[in-house]
Amino acid sequence: MASYDVIIVGTGAGGGTLGRHLAPSGKRILLLERGDWLPREPANWLAQDVFVDNRYVSEDTWYDPKGKPFQPQIHYFVGGATKLYGAALYRLRKEDFGELIHHDGPSPAWPISYDDLEPYYSKAEQLYEVHGEHGEDPTEPYASAPYPFPAVSHEPRIQQLSDDLAATGYHPFHAPCGIRLNEQNMPYGACVRCQNCDGFPCAVHGKSDAEVLGVRPALEHPNVELLTNAKAVKLETEPGGNAVSAVIVERDGELERYEADLIVLACGAANTAKLLLLSATDKHPNGLANGSDQVGRNYMFHNSQAVLALSHDENPTIFQKTLGVNDFYFAGNGHDYPLGNIQMVGKSQEPMFRGEKPGATKLAPHWSLERVAKHAIDFWLSTEDLPRPENRVSVDRDGKLTLAYTATNEKPKQELYKQLHSMLAKLHMEPDHLFHRFAYMKNEIPVAGVAHQAGTCRMGADPATSVVNADCRAHELDNLYVVDTSVFPSIGAVNPALTAMANSLRVGDHLRDELT
């Protein structure tokens, strides 16, 4: 049995960031990662391996409420989901931290404000080497510091798209990108600006992920230790039940026990809830931190859709994910309720079509799919998913995870799609050709696409309606914290990674005070 000052379970956007932040404290820190280092190999950049063969997807099986199994598109590696994310590092809007009224009802307020998190957004942008230009997006809240790197330039076809959007009266902006690119001196940057970024691992560590910029810098400190292939299966509590005493880990087929003064969970919204529910005791019969019956509830994962439009001219863009549009983020522009965010995704490649629609493309000649890919301009549309108590993660005694989910805000999702469709002719695209894509959803069962999962351990001031307090400490346990996206009371309509990173830094400052 080993004892530490802090154990962090999970090494993604929350856990990896926290590990780096606490590393200079000199305290003995253990990082637990259920996966291994993601292999650096040629397959990292092969669409067939990544999108068709699902080479890096876990072998987990989850179930829907009817008992039907499905494979969640989840990744267990050092760095967590950030190893394959698109590195779009957006801030939530200031209004997202208050109550917002949507078509299907209110999105709840957070117990912290944008002002509370803003300094940590700036720190996270520095830490993750974000490229961008504050001030281009009129919905963007104020920033106390500029981005550390200039915005990633648009390639010619995307620059034309930006110009066309601006000429039509919209406000396109350079998307905040977490890539380690030096456009002014390419030999001195890790990123080579390739087409295999969004949804792919990076073979050259050119992506600002939580392994490269979180875990690896943390491990440079002798007081930080990492255990890989170490799956946390249970939390033990002290005899009084007021604090967690140890983490039980399954490693190499054996159970091991690790103690710490502070325990921090960052396993992802579903697995953090699962671990708490499986750690029930006599004092906590419904699971740890679950006196409110909120653990596992309010699951959110963005109501998103990936679509492609066909450009009149070929689109030779290589790195496409450089542009965003938030003109429809809030009510207005002819709509009484928010619609959401439009941004680019990685450029279509012919193998992706066969992977996402094998039946429909089986008889399609190679040249026709290749031609579609050459003319494709690819968009990602996100509408805010609302927290609902019935949308939840539950587990049985054997650890079988069931995910019950019914989509919210379907009307705004449809309206955002129609809005983009109506704009195509003005953007030099085929007006009647806007197709749904599934490569980035990974599966036609929408709930299997879990990259933006959130909400199962929501933070709040009232222990009766939340799981953790504003400092992300469990209401019912003195030394248990959560720093992944499960603590989000709402998810907004932009990618959640930067908010998880910023919140982890905020909680990290609190923990450093606790450890002194």
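The model shown is predicted, which means the values in this text are computed figures rather than measured ones.

I'd like to hear about the packing of helix α1 (residues 15–22) against helix α11 (residues 497–515), residue by residue, with values.
Running from N to C, α1 and α11 cross one another at 40 degrees; their axes reach a closest spacing of 9 Å. Comparing their axes, α11 and α1 come out oblique. Between α1 and α11 lies a crossing whose hand is right-handed. For the pair α1 and α11, the contacting residues are Thr-17, Leu-18, His-21 and Leu-22 in the first and Met-501, Ser-504, Leu-505, Gly-508, Asp-509, Leu-511 and Arg-512 in the second. In terms of residue class, the contact of α1 with α11 is made up of 5 nonpolar, 4 polar and 2 charged.

Outline the environment of Val-212, supporting the account with residue identities and numerical values.
Inspection of the secondary structure puts Val-212 in helix α5 (residues 211–219). Beyond its immediate sequence surroundings of up to four residues, Val-212 is in contact with Lys-83, Arg-180, His-205, Lys-207 and Pro-217.

Can you lay out the nonpolar core for me, pointing to particular residues and giving the numbers?
Residues Ile-7 and Leu-235 are the most contacted members of the largest nonpolar core, which totals 106 residues. For this core, the element with the most residues is α11, which contributes 9 residues. Beyond its immediate sequence surroundings of up to four residues, Ile-7 is in contact with Leu-30, Leu-32, Val-247, Tyr-258, Glu-259, Ala-260, Leu-262, Ile-263 and Val-264. One finds Leu-165, Ile-377, Leu-381 and Leu-420 within the second-largest nonpolar core, a separate group that totals 24 residues.

Just give me the short version of unusual backbone geometry, but keep the residues and values in it.
Backbone geometry places Asn-54, a non-glycine residue, at a positive phi of 50 degrees. Its location among the elements puts Asn-54 in the loop between α2 (47–52) and β3 (62–63). Here the phi dihedral of His-205 falls at roughly 55 degrees; this positive angle occurs in a residue that is not glycine. Counting through the fold element by element, His-205 comes out in the loop between β7 (173–174) and α5. Exposure remark for His-205: the relative accessible area of 12% places this residue in the buried category.

About the criteria used
Residues numbered from 1 in each chain as written. Predicted model: local features only at pLDDT ≥ 70, side-chain atom pairs only at ≥ 80, totals over all residues. Heavy atoms only, no water. Axes fitted to C-alpha atoms, helices over the stretch in contact; angles between N-to-C directions. Helix = DSSP H or I, 4+ residues; strand = E, 2+ residues; numbered from the N terminus. Parallel < 35°, antiparallel > 145°, perpendicular 65-115°, else oblique. Left-handed = near helix turned anticlockwise from the far one by under 90°. Contact = heavy atoms within 4.5 Å. Nonpolar A, V, L, I, M, F, W, Y, C, P; charged D, E, K, R; others polar. Core = buried A, V, L, I, M, F, W, Y, C linked by side-chain atoms within 4.5 Å. Buried < 20%, exposed > 50% of the residue type's maximum accessible area, 1.4 Å probe, protein only.

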